[in-house]
Amino acid sequence: MSDDDSSSTTSSMSDTEGSSNISVLNWEQVQRLDAILTETIPIHGRGNFPTLEMQPRQIVKVVRSRMEEKQIHVRDVRLNGSAASHILHEDSGLGFKDLDLIFCADMKGESDFQTVKDIVLDCLLDFLPDCVNKERITPLTLKEAYVQKMVKVCNDSDRWSLISLSNNRGKNVELKFVDSLRRQFEFSVDSFQIKLDSLLLFYECSENPMSETFHPTIMGESVYGDFSEALDHLSHKIICTRNPEEIRGGGLLKYCHLLVRGFRAVSESEMKSLQRYMCSRFFIDFSDIGEQQRKLESYLQNHFVGLEDRKYDYLMTLHGVVNESTVCLMGHERRQTLGLIAMLAVRVLAEQNVIPNVANVTCYYQPAPYVADGNFSNYYIAQVQPVFACQQPAYSTWLPCN
């Protein structure tokens, strides 16, 4: 048990000796963690299926015990993502919706991933109301009723799966089962992981409630690297990453989300360079316009629940970054993507009743400044005709998005 009297977020995190990426949570942070793990979260069922009421600590306990019964060793359980950032610095500016719980486990074969999936679906039965006839409910039925999404990745460097349980207010409970994962963060401010094992053991064994002088030692880790540096970035809303080309999607969508939330890069020139890498990786992973639309619509749906008024600003920020930093596309591909973003922005305005009729609106995009440069290769920017006949021999200022 630990006794930590400091109240300041930054000063209260004392580095564990010999490990600059690990620190011990103080009492205030332990209290925030306890509140999150003991909060009852509704998992909403589709159709006529009842709402499940569960505490995160309950679902972790049930899933972990059944994994051990099936001989799948769980090394530790961690809280990840924006919830972990919120615990370490309450006024982080990130907010948090999803609850990301990581089970670090030994899963070597396809059968282990299938077993984990079956375990999670079977555990949902425990949270159904007593009045429900559970004998007729199949795993497939539970999946259709309560699972928002399922993901599985198995390759040479990454072996993990994700099961996200639905919440209508966007507060999904995401259970991630990780054997190995090469890249565990996008930016330093979302690189924090909090190890839950000592607190889960306390819930099981202690007959006395926690207090400032009686609570378990709980460790926080930054998988970005230096914990103090990452926490300083979080406290001062600084955008920092490295090797964005290693991130699926390049971290582009998250980067624009941070910009809208008031985060800024320390070095403007460095971030301009990183933006080009982000855009390049995004268009490698989502090369088809249909894939891009599905990804953008999914991101808006999952990350702006209750924040619909920010969607337009987000899309305009994304439009600006793509317009300025995309150098890997041919002209028509670039115009196509910018047109997609503009279309989604107009749709957002229509949903908010800011404009009366989408059918009567024409969207335009503005070419990048270097289009007018006669020496610039037209491989990237296609030659186009002016929208209106005019005396100027050069490009028009505005071009139709379609």
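Everything quoted here is computed from the prediction, not taken from an experiment.

### Quick word on the pairing of strand β5 (residues 74–80)
Piece 1. Within β5, six of the seven residues are buried, leaving the element largely enclosed by the surrounding structure.
Piece 2. Bridge count for β5 against strand β6 (residues 99–105) is six bridges, and the pairing is antiparallel. The residue bridging Leu79 from the neighbouring strand is Leu101, located in β6.
Piece 3. Sheet topology note: the β5/strand β10 (residues 192–195) ladder contains three bridges and is antiparallel. The residue bridging Asn80 from the neighbouring strand is Gln193, located in β10.

### Let's talk about the packing of aromatic side chains
Piece 1. Inspection of the entire model under this criterion finds eleven aromatic pairs.
Piece 2. When the ring of Phe187 is compared with that of Tyr255, the centres are 6.4 Å apart and the planes differ by 25 degrees; the resulting orientation is stacked. Taken as a pair, Phe187 in the loop between β9 (173–180) and β10 and Tyr255 in helix α9 (residues 252–260) lie far apart in primary sequence, 68 residues in all.
Piece 3. With 5.4 Å between their ring centres and 85 degrees between their planes, Phe282 and Phe283 make a pair best called edge-to-face. The residues Phe282 and Phe283 share a single accessibility class, namely buried.

### Describing empty space enclosed by the protein
Piece 1. Applying the stated criterion across every chain, the model contains three cavities of 30 Å³ or more.
Piece 2. Leu252, Leu253, Phe282, Gln292, Leu296, Leu318, Val322, Thr337, Leu340 and Ile341 are the residues that line the second largest cavity.
Piece 3. Those elements that provide at least two residues to the lining of the second largest cavity are α9, α11 (289–303), α12 (311–325) and α13 (331–351).
Piece 4. Examining the composition of the lining of the second largest cavity, we find that three residues originate from one element, α13, more than from any other.
Piece 5. When the residues that make up the lining of the second largest cavity are grouped by side-chain class, the tally is eight nonpolar, two polar and no charged.

### Some words on the packing of helix α10 (residues 268–285) against α12
Piece 1. Remark: α10 packs on α12, axes separated minimally by 9 Å, with the N-to-C direction vectors making an angle of 95 degrees. For the element pair α10 / α12, the angle class is roughly perpendicular. Touching Lys272, Gln275, Arg276, Cys279 and Phe283 of α10 are Val321, Val322, Glu324 and Ser325, all from α12.
Piece 2. Taken together, the residues that form the contact of α10 with α12 break down as four nonpolar, two polar and three charged.

### Considerations on the side chain of Arg32
Piece 1. Looking at the secondary structure, you find Arg32 in helix α2 (residues 27–38).
Piece 2. By relative accessible area, Arg32 is classed as buried at 14%.
Piece 3. With residues near it in sequence (within four places) discarded, Arg32 still touches His86, Ile87, Leu88, His89 and Glu90.

### A look at the nonpolar core
Piece 1. Counting 99 residues, the largest nonpolar core has Leu33, Met67, Phe177 and Ile194 as the members making the most contacts within it.
Piece 2. The element contributing the most residues to this core is helix α5 (residues 110–126), with eight residues.
Piece 3. Formed by six residues, the second largest nonpolar core is a distinct cluster that contains Ile102, Cys104, Leu162 and Leu181.

### Brief notes about the pattern of salt bridges
Piece 1. Taken as a whole, this structure holds 19 salt bridges when the rule is applied.
Piece 2. Two residues, Arg32 and Glu90, come together in a salt bridge whose shortest N-O distance is 3.6 Å. Placement of the pair is Arg32 in helix α2 and Glu90 in the loop between α4 (81–88) and β6, with a sequence separation of 58 residues.
Piece 3. One salt bridge in this structure joins Asp122 and Arg66, with 2.7 Å as the shortest N-O distance. One end of the pair, Asp122, is in helix α5; the other, Arg66, is in helix α3 (residues 56–69), with 56 residues separating them in the sequence.

### Some details on the confidence of the model for the protein
Piece 1. The predicted model of the protein averages 85 in pLDDT, with 82% of residues at 70 or higher.
Piece 2. The low-confidence segment residues 1–18 (pLDDT under 50) makes 54 contacts with residues lying over four places distant or belonging to another chain.
Piece 3. Within the model, pLDDT remains below 50 along residues 376–402, and this stretch shows 47 contacts once partners closer than five positions in the same chain are excluded.

### Regarding the packing of α9 against α10
Piece 1. Here α9 crosses α10 at 135 degrees, and the two axes come no closer than 9 Å. Here α9 lies oblique to α10, going by the angle between them. Mapping the contact onto sequence places Leu252, Leu253 and Tyr255 in α9 and Met271, Gln275, Met278, Cys279 and Phe282 in α10.
Piece 2. Of the residues that constitute the contact of α9 with α10, the class distribution is seven nonpolar, one polar and no charged.

### Some remarks on the layout of surface pockets
Piece 1. Within this model, the second largest pocket holds a volume of roughly 210 Å³.
Piece 2. Forming the boundary of the second largest pocket are Gln55, Arg57, Gln58, Val60, Lys61, Arg64, Asp197, Leu200, Leu201, Tyr203 and Glu204.
Piece 3. Elements with a minimum of two residues in the lining of the second largest pocket: α3 and α7 (197–205).
Piece 4. Grouping the constituent residues of the lining of the second largest pocket by class yields four nonpolar, two polar and five charged.

### Overview of the environment of Phe127
Piece 1. Summarising the element assignment, Phe127 is placed in the loop between α5 and α6 (139–146).
Piece 2. Accessibility expressed as a relative area gives 13% for Phe127, which makes it buried.
Piece 3. Considered as a pair, Phe127 and Thr51 are 76 residues apart in the sequence and their alpha carbons are 9.1 Å apart.
Piece 4. Excluding its chain neighbours within four sequence positions, the residues that come into contact with Phe127 are Leu52, Glu53, Met54, Gln58 and Ile59.

### Focus: α2
Given 3.6 residues per turn, any residue in an α-helix points the same way as the ones three and four places further on.
Piece 1. For α2, built from twelve residues, the straight-helix expectation of 16 Å at 1.5 Å per residue is met to within 8% by its first-to-last C-alpha distance of 16 Å.
Piece 2. Of all the residues in α2, the buried ones are Trp27, Gln29, Val30, Arg32, Leu33, Ile36 and Leu37.
Piece 3. Measuring from the side-chain oxygen of the N-cap residue of α2 to the backbone nitrogen of Glu28 gives 3.1 Å; that N-cap residue is Asn26.

Conventions used here
- Residues numbered from 1 in each chain as written.
- Predicted model: local features only at pLDDT ≥ 70, side-chain atom pairs only at ≥ 80, totals over all residues.
- Heavy atoms only, no water.
- Buried < 20%, exposed > 50% of the residue type's maximum accessible area, 1.4 Å probe, protein only.
- Helix = DSSP H or I, 4+ residues; strand = E, 2+ residues; numbered from the N terminus.
- Pairing = 2+ DSSP bridges.
- Phe/Tyr/Trp six-rings, centres within 6.5 Å; stacked < 30°, edge-to-face > 60°.
- 1 Å grid on protein atoms, 1.4 Å probe; cavity = no way out; pocket = protein on both sides within 12 Å on 5 of 7 lines; lining within 4 Å.
- Points joined across faces, edges and corners; volume = space filled by probe spheres on them.
- Nonpolar A, V, L, I, M, F, W, Y, C, P; charged D, E, K, R; others polar.
- Axes fitted to C-alpha atoms, helices over the stretch in contact; angles between N-to-C directions.
- Parallel < 35°, antiparallel > 145°, perpendicular 65-115°, else oblique.
- Contact = heavy atoms within 4.5 Å.
- Core = buried A, V, L, I, M, F, W, Y, C linked by side-chain atoms within 4.5 Å.
- Salt bridge = Lys/Arg side-chain N within 4 Å of Asp/Glu carboxyl O.
- pLDDT = per-residue confidence, 0-100.
- Expected span 1.5 Å × (residues − 1).
- Polar contact = N/O pair within 3.5 Å; in protein donor to acceptor, adjacent residues only side chain to side chain.

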